[in-house]
Amino acid sequence: MRPTDLARTSLAFVILVLLHYTLRPVLGWHASPDFLLIALLLVAIRVRPGHAALVGLLMGLVADSLEPHAFGAGALGMCLVGFGASWLKAVFFADDVVLNALFFFCGKWAFDVIVLLAAHQMSGGALLVELLVWSPLKGVVTALFGLLTLLILRPILRAPAT
Amino acid sequence: MTNVSRTYGRRDSVLFVVCVVLAFVAQFLPEHLRDPFTAALRHTVLAPLVALQHDAELTRQAWLTREARITARDSVELQSMTLDALNAENDRLRKTLELGARLKWGFVPAEALQGRDIGEEYTVTLSAGSNAGVRVFSPVVAPEGLAGMVKTVDPTMSIAIVWAHPDFRVSAMAEDGSAFGIVAAHEGSDPERYLLEMRGVPVRSTLKPGTLIVSSGLGSTFPRGIPVGTVLGELKTSELWARTYLLRPAVLPQDMSTVMILLPQRTVSGVDGVWQSGRGADAAVKAIVAAGDSLERAARLARGDTARADTTIRSFVSTTERRDTVRRVRRDTLPHALRDAARPAVHADSARTVPDTTRRAPATPAAPAPRDSGARPVP
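Definitions and cut-offs
- Residues numbered from 1 in each chain as written.
- Chains lettered and ligands numbered in written order.
- Predicted model: local features only at pLDDT ≥ 70, side-chain atom pairs only at ≥ 80, totals over all residues.
- Heavy atoms only, no water.
- Helix = DSSP H or I, 4+ residues; strand = E, 2+ residues; numbered from the N terminus.
- Contact = heavy atoms within 4.5 Å.
- Expected span 1.5 Å × (residues − 1).
- Pairing = 2+ DSSP bridges.
- Axes fitted to C-alpha atoms, helices over the stretch in contact; angles between N-to-C directions.
- Salt bridge = Lys/Arg side-chain N within 4 Å of Asp/Glu carboxyl O.
- Buried < 20%, exposed > 50% of the residue type's maximum accessible area, 1.4 Å probe, protein only.
- Buried area = accessible area lost by both parts, 1.4 Å probe.
- Polar contact = N/O pair within 3.5 Å; in protein donor to acceptor, adjacent residues only side chain to side chain.
- Nonpolar A, V, L, I, M, F, W, Y, C, P; charged D, E, K, R; others polar.
- Patch = residues over 30% accessible without salt bridge, like charges linked within 9 Å, V, L, I, M, F, W, Y side chains within 5 Å.
- Areas by Shrake-Rupley, 256 points an atom, 1.4 Å probe, with all protein chains shown as cover.
- Core = buried A, V, L, I, M, F, W, Y, C linked by side-chain atoms within 4.5 Å.

Caption draft 1: Quick peek at the overall build of chain B. The helix and strand tally for chain B stands at seven helices and twelve strands. Long-range contacts, defined as pairs at least 24 residues apart, comprise 61% of the intrachain contacts of chain B with a sequence gap of at least 6.

Written out as structure tokens, the structure reads:
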């Protein structure tokens, strides 16, 4: 990654992290957008899968420090999602709105599934409702906000013409 | 998104596996190791972000409680408005109680319900009737003064006309008694409709604005001394022999919620001293001073009369002495004169004896008349 791209990606990453801790609490929705995951996916498609997994691990540890009872679950989820996103990018990723939305949706849903299963905080019907209702809903909201974010940050993220 | 070509190698796999293992390790980390680690993260990397999150949540709370706060503020304002009304009602009831304490006896307290329909603007329904001793023409009073008069009486309620009623009349006077007249409703346009006018005030009597007008007690319906209103100014009328004054009523329509109905016995015995104002006290002081002056004048007059009496007595004494002298002179002189007259005319010079005799009279010293004997001569 060129230094310019690194700076642009870092700027977008910081903006998304800030949005996660400012806009998300203001919205206060139960199915709220996950700006941290959008930031991770944004970085993951620009770096190698190993690096994406490392970034995911670090982000997950930092995020989990606010929820010590499920510490590590988010780190595991982000690590897997980051690695997967970076790996899958080479297979079918293209600059398409629908594919990007699907990418965000799947990333969020997969992350929630991993966290819910790894944290062992829910079971039975509540777990099923969370996995099959709320997680997809959060995925949809995250996908929508992800697309919106990409649209807004396009001037920053667009690579200069070579 | 951008297309970045990458390669996937063993190094990535190793890194991935290491990360996954670390994530599992973190998940199963014992509490005594995990808590210091998470605390360190919260106090360093996450501190500004947590602060941001806290502020954002406060903002959300402020936004969410906005409606509740507005509702609460409106409720408080509404309650404060009610509180004002309650305070006003308390003041009103306190004044009414004070009036009751001053009246002491011969009255019936009553709630006044004001009509809202056409024709009921000038009447009030009172919550006391003939069972409580209320009679037709009983005066209705408020702490501020005269409110009206009972027109119709039922056993448990009565209807009274207030001062604004076109039929209402009260014989009234200035508080100091300097002018008398008849007070009736002022039938002017809307804003002035709720004023009174005092008619038939003699031309020689001038009332200054602010003069308190009270009931005069004439006509026996209203006892003397109930405040009726305050002079606002003189009204120009076509009557040349009498003045008409515009009055501000003592009792305003909103002050008629709780009133007192004076019973007939109380009306007869009067309400002296119940409505005593500052002006009344001034008038009383003036009356006392005037009475003092009168007494002094009377005393002075009495002293003057005594002096005059002394003078008169002295004059009487001197006059008596003079009369005695004259009598003596006459007594002494007349026989001589008669004797002389009985003498023959040849004794012509005997006539001289009379002048001699009369000349002798001044020889009798008479008391000199006193200087202030200008007093009426005693017969």
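Caption draft 2: Looking closely at helix 5 (residues 97-119) of chain A. Taking 1.5 Å per residue, 23 residues should reach 33 Å; helix 5 of chain A reaches 33 Å between its end C-alpha atoms and fits that length. Positive phi appears at His120 of chain A, one or two residues downstream of helix 5 of chain A, with a value of about 55°.

Caption draft 3: Molecular detail of the sheet that holds strand 11 (residues 242-249) of chain B. Residues and elements named next belong to chain B. The antiparallel closed barrel is built from six strands, whose spatial order is 6-7-8-11-10-9. Each strand of the sheet is rotated relative to its neighbour by a mean of 40°, with strand direction disregarded. Of the strand pairs in this sheet, strand 6 (residues 169-174) and strand 7 (residues 180-185) are connected by five bridges, and their pairing is antiparallel. Note that in strand 7 the partner of Ala172 across the bridge is Gly181.

Caption draft 4: Looking closely at the pattern of salt bridges. With the rule as written, the count across this model stands at eleven salt bridges over all chains. Note that Glu67 of chain B and Arg66 of chain B form a salt bridge whose closest N and O atoms lie 3.0 Å from each other. Assessed through its relative accessible area of 47%, Glu67 of chain B is described here as partly exposed. On the basis of relative accessibility, which here comes to 29%, the residue Arg66 of chain B falls in the partly exposed class. Salt-bridge contacts for Glu234 of chain B lead to Arg243 of chain B; the nearest nitrogen and oxygen are separated by 3.2 Å. Several salt bridges converge on common partners, so that one network encompasses Asp34, Lys108 and Asp112 of chain A.

Caption draft 5: Spatial organisation of the sheet that holds strand 12 (residues 258-262) of chain B. Residue and element names in this part refer to chain B. One closed barrel accounts for six strands, arranged 1-2-5-4-3-12; its pairing is antiparallel. The average undirected angle you get between the axes of adjacent strands in this sheet is 40°. With two bridges connecting them, strand 3 (residues 139-142) and strand 12 associate as antiparallel partners. If you follow Val140 over to strand 12, its bridge partner there is Ile261. Strand contacts of helix 3 (residues 46-103): strand 1 (107-114), strand 3 and strand 12, with the helix running at about 20° to strand 12, the strand carrying the most contacts.

Caption draft 6: The pairing of strand 12 of chain B, seen in detail. Residues and elements named next belong to chain B. Of all five residues that make up strand 12, five are buried, and the element is covered over most of its length. The side-chain alternation of strand 12 yields two buried faces, one formed by Thr258, Met260 and Leu262 and the other by Val259 and Ile261. Pairing geometry for strand 1 and strand 12, over five bridges, is antiparallel. Bridge pairing in strand 12 links Pro109 to Met260.

Caption draft 7: Summary view of the interface of chain A and chain B. Between chain A and chain B, the contact holds 46 residues from the first and 34 residues from the second. For the pair chain A and chain B, the summed buried area comes to about 3600 Å², and 69% of that belongs to carbon and sulfur atoms. Together, Tyr21, Arg48 and Phe71 of chain A form the three largest contributors to the area buried by chain A at its contact with chain B, with a combined 19%. If you look at where chain A meets chain B, you find one salt bridge. The salt bridge partner of Asp12 of chain B is Arg48 of chain A, with a shortest N-O separation of 2.8 Å. The interface formed by chain A and chain B holds seven residue pairs in polar contact (both at pLDDT 80 or more) in total. Counting residues per element, the ones that place at least two in the side of chain A that touches chain B are helix 1 (3-27), helix 3 (49-64), helix 4 (73-92) and helix 5 of chain A. Along the lines of polarity and charge, the residues of the side of chain A that touches chain B split into 34 nonpolar, eight polar and four charged.

Caption draft 8: Structural detail: a nonpolar patch on the surface. All names here are of chain A. Taken together, the side chains of Leu128, Val129, Leu132 and Val133 define a hydrophobic patch exposed on the protein surface, amounting to about 360 Å² of accessible area. In this fold, Val133 is placed in helix 6 (residues 124-152). On the basis of relative accessible area, Val133 is assigned to the partly exposed category, the value being 43%.

Caption draft 9: Broad picture of the nonpolar core. Membership of the largest hydrophobic core comes to 56 residues, with the highest contact counts inside it found for Leu16, Leu41 and Val81 of chain A. Among the secondary structure elements, those contributing two or more residues to this core are helix 1, helix 2 (35-44), helix 3, helix 4, helix 5 and helix 6 of chain A together with helix 1 (10-27) and helix 3 of chain B. Formed by 50 residues, the second largest nonpolar core is a distinct cluster that contains Leu103, Ala110, Ala112 and Ile161 of chain B.

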